[in-house]
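# Survey of secondary and tertiary structure
Residues per chain, in single letters:
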Amino acid sequence: MTTTTTQHNHPHQINIIVGSTNPVKINAAKNAIAQYFPSSTIHCQGMHAPSQVAEQPMTEAETKLGAINRAKYCQQQAEPADFYVAMEGGVDQFEHGPATFAYMAIISHDTLSVGRSANLPLPEKVYAALAAGEELGHVMDRMFSTQNIKQKGGAIGLLTQGLATRESIYTQALLLAMTPFINAELFND
């Protein structure tokens, strides 16, 4: 009996390439995908992948494009893997005020799945600093006297008193974005 790595079988080892070296993003990808393959060994590694958008995306469209660009870069540059995963955090001005969120892009074989996290409302003064060219992590570090919060709980952790973290929100969004691969027969008919 031979085991093949396809979307329909559950391979013994699953290889994931994440388009980031941020441990928060690498852990989120590993945790989300591992939940779907509890009997498999998960091998997950990060790599630098350019977003080709602004360092701080200021619209939903730019944020989504950044995630897709990172995932495609991984697929083109890295060794073969079962999943190429990328996450891009961004902000936008909505009807009820500014908010931050993240887009997820997962590529497996020739299929791209795009997901999105929930919105985290932002104070207007934070949005103003971002519009002036700052990055969210730096603004939050200054407001809350933290260091490198984006590789820890993120703005999400600070603003929710730790009840949600950047990793927990990314993990949830990735769990949802995985559904086309887990239910391939429903999505491909």
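Residues numbered from 1 in each chain as written. Predicted model: local features only at pLDDT ≥ 70, side-chain atom pairs only at ≥ 80, totals over all residues. Heavy atoms only, no water.

### Things to note about the layout of surface pockets
To find leftover empty space, a probe the size of one water molecule is rolled over the atoms. The volume enclosed by the largest pocket comes to roughly 710 Å³. What lines the largest pocket is a set of 38 residues, among which Lys-25, Gly-89, Glu-135, Lys-150 and Arg-166 lie closest to the centre. At the level of secondary structure, the elements contributing two or more residues to the lining of the largest pocket comprise strand S3 (83-94), strand S4 (97-108), helix H4 (136-144), helix H5 (154-159) and helix H6 (166-177). Residue composition of the lining of the largest pocket, grouped by class: 16 nonpolar, 15 polar and seven charged. (1 Å grid on protein atoms, 1.4 Å probe; cavity = no way out; pocket = protein on both sides within 12 Å on 5 of 7 lines; lining within 4 Å. Points joined across faces, edges and corners; volume = space filled by probe spheres on them. Helix = DSSP H or I, 4+ residues; strand = E, 2+ residues; numbered from the N terminus. Nonpolar A, V, L, I, M, F, W, Y, C, P; charged D, E, K, R; others polar.)

### Quick notes on the nonpolar core
If you look at the biggest cluster of nonpolar residues, it comprises 24 residues, and the most contacted ones within it are Ile-16, Phe-83, Val-85, Met-87 and Leu-174. For this core, the secondary-structure elements that each account for two or more residues are strand S1 (13-18), helix H1 (23-36), strand S2 (41-46), S3, S4 and H6. Once residues lying within four places of it in the same chain are set aside, the contact partners of Leu-174 are Ala-28, Ala-29, Ala-32, Val-85, Met-87, Met-104 and Ile-106. Formed by 16 residues, the second largest nonpolar core is a distinct cluster that contains Leu-122, Ala-129, Leu-130 and Ala-155. (Core = buried A, V, L, I, M, F, W, Y, C linked by side-chain atoms within 4.5 Å. Buried < 20%, exposed > 50% of the residue type's maximum accessible area, 1.4 Å probe, protein only. Contact = heavy atoms within 4.5 Å.)

### Some thoughts on the packing of helix H3 (residues 124-131) against H4
Contact geometry of H3 with H4 gives a least axis separation of 9 Å together with a crossing angle of 135°. By the criterion of interaxial angle, the relationship of H3 to H4 is oblique. For the element pair H3 and H4, the recorded crossing hand is right-handed. In this structure, H3 contributes Lys-125, Val-126, Ala-129 and Leu-130 to the contact, and H4 contributes Leu-136, Val-139, Met-140, Arg-142 and Met-143. Class assignment for the residues of the contact of H3 with H4 results in seven nonpolar, no polar and two charged. (Axes fitted to C-alpha atoms, helices over the stretch in contact; angles between N-to-C directions. Parallel < 35°, antiparallel > 145°, perpendicular 65-115°, else oblique. Left-handed = near helix turned anticlockwise from the far one by under 90°.)

### A few points about the packing of H1 against H6
Relative to each other, H1 and H6 sit at 40°, their axes nearing to 8 Å. Classified by the interaxial angle, the pair formed by H1 and H6 is oblique. Relative to H6, H1 is oriented so that their crossing is right-handed. Here Val-24, Lys-25, Asn-27, Ala-28, Ala-29, Asn-31, Ala-32, Gln-35 and Tyr-36 of H1 lie close against H6, whose contacting residues are Arg-166, Glu-167, Tyr-170, Thr-171, Leu-174 and Leu-175. Taken together, the residues of the contact of H1 with H6 sort by class into eight nonpolar, four polar and three charged.

### A short note on the state of the cysteines
Within the structure shown, the criterion is met by zero disulfides. This cysteine, Cys-44, is not joined by any disulfide, and Cys-74 carries the nearest cysteine sulfur, 10 Å off. According to the relative accessible area criterion, Cys-44 is buried, its value standing at 17%. (Disulfide = S-S within 2.5 Å.)

### Here we look at the side chain of Lys-25
Position of Lys-25 relative to the elements: it lies in helix H1. Summary of buried charges: Lys-25 has no salt-bridge partner, and the nearest side chain of opposite charge, Glu-88, is 5.1 Å away. Contact partners of Lys-25, with chain neighbours within four places excluded, come to Val-18, Ser-20, Met-87, Arg-166 and Tyr-170. (Lys, Arg positive; Asp, Glu negative; His and termini not counted. Salt bridge = Lys/Arg side-chain N within 4 Å of Asp/Glu carboxyl O.)

### Remarks on the pairing of S1
Where S1 meets S2, six bridges bridge the pair, whose relative direction is parallel. What sits directly across from Ile-14, in S2, is Ile-42. Taken together, S1, H1 and S2 constitute a β-α-β crossover, and its handedness is right-handed. (Pairing = 2+ DSSP bridges. Right-handed = clockwise from strand over helix to strand, strands pointing away.)

### Section: the UniProt feature "binding site: substrate" (unreviewed entry) in the protein
Sequence positions flagged by UniProt for "binding site: substrate" (unreviewed entry) are, in local numbering, Ser-20, Thr-21, Asn-22, Pro-23, Val-24 and Lys-25. Restricting the annotated residues just mentioned to those that line the largest pocket leaves Ser-20, Thr-21, Asn-22 and Lys-25. Tracing the backbone through its elements, the reader meets Thr-21 in the loop between S1 and H1. Looking at Thr-21, the relative accessible area reads 57%, which means it is exposed. Sequence-distant contacts of Thr-21, defined by excluding residues within four places in its chain, comprise Ile-26, Met-47 and His-48. Among the structural elements, Pro-23 can be located in helix H1. Note on Pro-23: relative accessible area 36%, which makes it partly exposed. (UniProt positions renumbered as here; feature names shortened; annotations may be inferred.)

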